[in-house]
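Fold and contact review
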Amino acid sequence: MKSPSPTVSTGTGLAALYAEAFKRLRASRSVRTSLAFWSLLGLALSEAFAVGVAGVHSHDAVAPAALAAFGWWLFVTIVFLGGAAWLRMPDGRPVDRYGIPNGLTALRAWACIPLLVVAVLSLPGNLALVLWVSVGGAVGLLDAVDGLIARRFGPITVLGKAMDPFGDALFFVVGALGCYLLGIVPLWLAALIAFRYAAPVLFTPLVLLLGRRPELVHTVWGRRNTLLTGIVLFTLFWVRVAGGPVWLAALFAALPTLVPSGILHFISLAHRVLAAPASR
């Protein structure tokens, strides 16, 4: 019989989720090894980047940046650890490792606070803009890479299908804030992008409490909106570098693309929720 996909609301909630996660970790050395590998890699990359950027700003900024990066790493790692309970394929078969797709998604989450260090601290010349678009852009592309690897080589897991949209939400909310602080987008566009990605995550607990169990994956219009968001942000970055009117470019680039595609994405989400099976 096909085993049901685990949800936070089954059993005794988060306690049951983490009990299952620790059970998987105790039973499988490969799961423990993969968790340790990705966690330590995330810690090393996060601290190296945050401390390096803070050191360019001033010596006094190094310790706060290192502590902020570590605190965020610890939080994401705790969430990632709980995901061991969801290391199974959609048909219920267990998976004995986190895998490259889930690891790359976690790296994208761990990078959020270190990337914000670039936007918050003052750096010489255009260094902040260069780091933001090069490192931030490369981290953002991990979203496409992890999906491609999962589809072609595997493993496709329940954890991955749940983490990917939440990872997108986290990364783009941080990206919107950083772009605003760096003058790449006006406030209204940063708020629009943040709302588009944060709203589905914030409403997910309410949907679950109402007894609905929609599939936690991207919608077609959500993917299109994400692609358009990346194009708009990249365009506005070059307007910012050239010293052009960012607010005017944002009106022409964002209003006819992000607004209609965002509305269609929310309509798709509403249809998915209404069509989802109900559970007790």
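Residues numbered from 1 in each chain as written. Predicted model: local features only at pLDDT ≥ 70, side-chain atom pairs only at ≥ 80, totals over all residues. Heavy atoms only, no water.

**Some remarks on helix H2 (residues 29-57)**
Here H2 spans 42 Å end to end across 29 residues, near enough to the 42 Å set by a 1.5 Å rise per residue. For H2, the set of buried residues is Val31, Ser34, Leu35, Trp38, Ser39, Gly42, Ser46, Glu47, Phe49, Ala50, Val53 and Ala54. Considering only its buried residues, H2 is in contact with helix H1 (14-27), helix H3 (62-82), helix H4 (99-110), helix H5 (112-120) and helix H6 (127-152). (Helix = DSSP H or I, 4+ residues; strand = E, 2+ residues; numbered from the N terminus. Expected span 1.5 Å × (residues − 1). Buried < 20%, exposed > 50% of the residue type's maximum accessible area, 1.4 Å probe, protein only. Contact = heavy atoms within 4.5 Å.)

**Some points on the packing of H3 against H5**
Contact geometry for H3 and H5: axes closest at 8 Å, N-to-C directions at 150 degrees. On the basis of the axis angle, H3 is roughly antiparallel to H5. Across the interface between the two elements, Ala65, Ala68, Ala69 and Trp72 of H3 pack against Cys112, Ile113, Pro114 and Val117 of H5. (Axes fitted to C-alpha atoms, helices over the stretch in contact; angles between N-to-C directions. Parallel < 35°, antiparallel > 145°, perpendicular 65-115°, else oblique.)

**Concerning the pattern of salt bridges**
Tallying each qualifying case throughout the model produces five salt bridges. Asp168 is the salt-bridge partner of Arg108, the closest N and O atoms lying 2.6 Å from each other. Linking Arg108 in helix H4 with Asp168 in helix H7 (residues 158-181), this pair joins segments that are 60 residues apart in sequence. Note on Asp168: relative accessible area 1%, which makes it buried. Linked by salt bridges that have partners in common, Arg108, Asp164 and Asp168 make up one network. (Salt bridge = Lys/Arg side-chain N within 4 Å of Asp/Glu carboxyl O.)

**Details of H1**
Across its 14 residues, H1 extends 20 Å between first and last C-alpha, which sits within 8% of the 20 Å expected from 1.5 Å per residue. Along H1, the residues classified as buried are Leu17, Ala21, Arg24 and Leu25. For H1, the buried positions fall inside an angular range of 100 degrees around the axis, keeping them on one side. The exposed residues of H1 that point more than 90 degrees off its buried face are Ala15, Lys23, Arg26 and Ala27. Buried residues belonging to H1 abut H2 and H3. (Arc of directions from axis to C-beta.)

**Description of the side chain of Arg108**
Given a relative accessible area of 1%, Arg108 falls into the buried group. Here Asp164 takes part through its side chain, which lies 3.4 Å from a polar atom of the side chain of Arg108. Apart from residues lying up to four places away in sequence, Arg108 is in contact with Val139, Gly140, Leu142, Asp143, Asp146, Asp164, Gly167, Asp168 and Phe171. (Polar contact = N/O pair within 3.5 Å; in protein donor to acceptor, adjacent residues only side chain to side chain.)

**Notes on the packing of H4 against H5**
Contact geometry of H4 with H5 gives a least axis separation of 5 Å together with a crossing angle of 35 degrees. In contact with Arg108, Ala109 and Trp110 of H4, H5 contributes Cys112, Ile113 and Pro114.

**Here's the deal with the side chain of Ser46**
Within the fold, Ser46 resides in helix H2. By relative accessible area, which is 4% here, Ser46 ends up buried. A polar atom in the side chain of Ser46 sits 3.5 Å from the backbone oxygen of Trp110. If we skip the residues at most four places from it in the chain, Ser46 touches Ala69, Trp110 and Pro114.

**A closer look at the packing of aromatic side chains**
Taken as a whole and assessed by the stated rule, the structure comprises ten aromatic pairs. Geometrically, the ring pair formed by Phe172 and Tyr197 is stacked, given 4.4 Å between the ring centres and 5 degrees between the ring planes. Highlighted residues: Phe172 in helix H7 and Tyr197 in helix H8 (residues 187-209), separated in sequence by 25 residues. Assigned by exposure class, Phe172 and Tyr197 land together as buried. Every member of this aromatic cluster is reached through a ring pair, and the members are Phe80, Tyr98 and Trp110. (Phe/Tyr/Trp six-rings, centres within 6.5 Å; stacked < 30°, edge-to-face > 60°.)

**Details of the environment of Ala84**
Along the chain, Ala84 falls in the loop between H3 and H4. The buried category is assigned to Ala84, whose relative accessible area is 0%. Each C-alpha atom, one on Ala84 and one on Leu35, is 8.7 Å from the other, the two residues being 49 residues apart in sequence.

**Notes on a nonpolar patch on the surface**
Where nonpolar side chains cluster on the molecular surface, the patch consists of Trp188, Trp247, Leu248, Leu251, Phe252 and Leu255 and spans about 610 Å² of accessible area. Position of Leu255 among the secondary structure elements: in the loop between helix H10 (246-254) and helix H11 (258-275). (Patch = residues over 30% accessible without salt bridge, like charges linked within 9 Å, V, L, I, M, F, W, Y side chains within 5 Å. Areas by Shrake-Rupley, 256 points an atom, 1.4 Å probe, with all protein chains shown as cover.)

**Considerations on the nonpolar core**
Tyr98, Ile184 and Leu189 are the most contacted members of the largest nonpolar core, which has 72 residues in total. Leaving out residues up to four positions away in the same chain, Tyr98 has contacts with Val31, Ser34, Leu35, Trp38, Phe80, Leu81, Gly83, Ala84, Leu87 and Leu159. (Core = buried A, V, L, I, M, F, W, Y, C linked by side-chain atoms within 4.5 Å.)

**A closer look at the confidence of the model for the protein**
Detailed reading of the predicted model is not advised wherever pLDDT is low. Scored by pLDDT, the protein comes out at a mean of 87, with 90% of its residues at no less than 70. Low pLDDT, under 50, characterises residues 1-11; the predicted model gives this stretch 20 contacts beyond four residues in sequence or across chains. (pLDDT = per-residue confidence, 0-100.)

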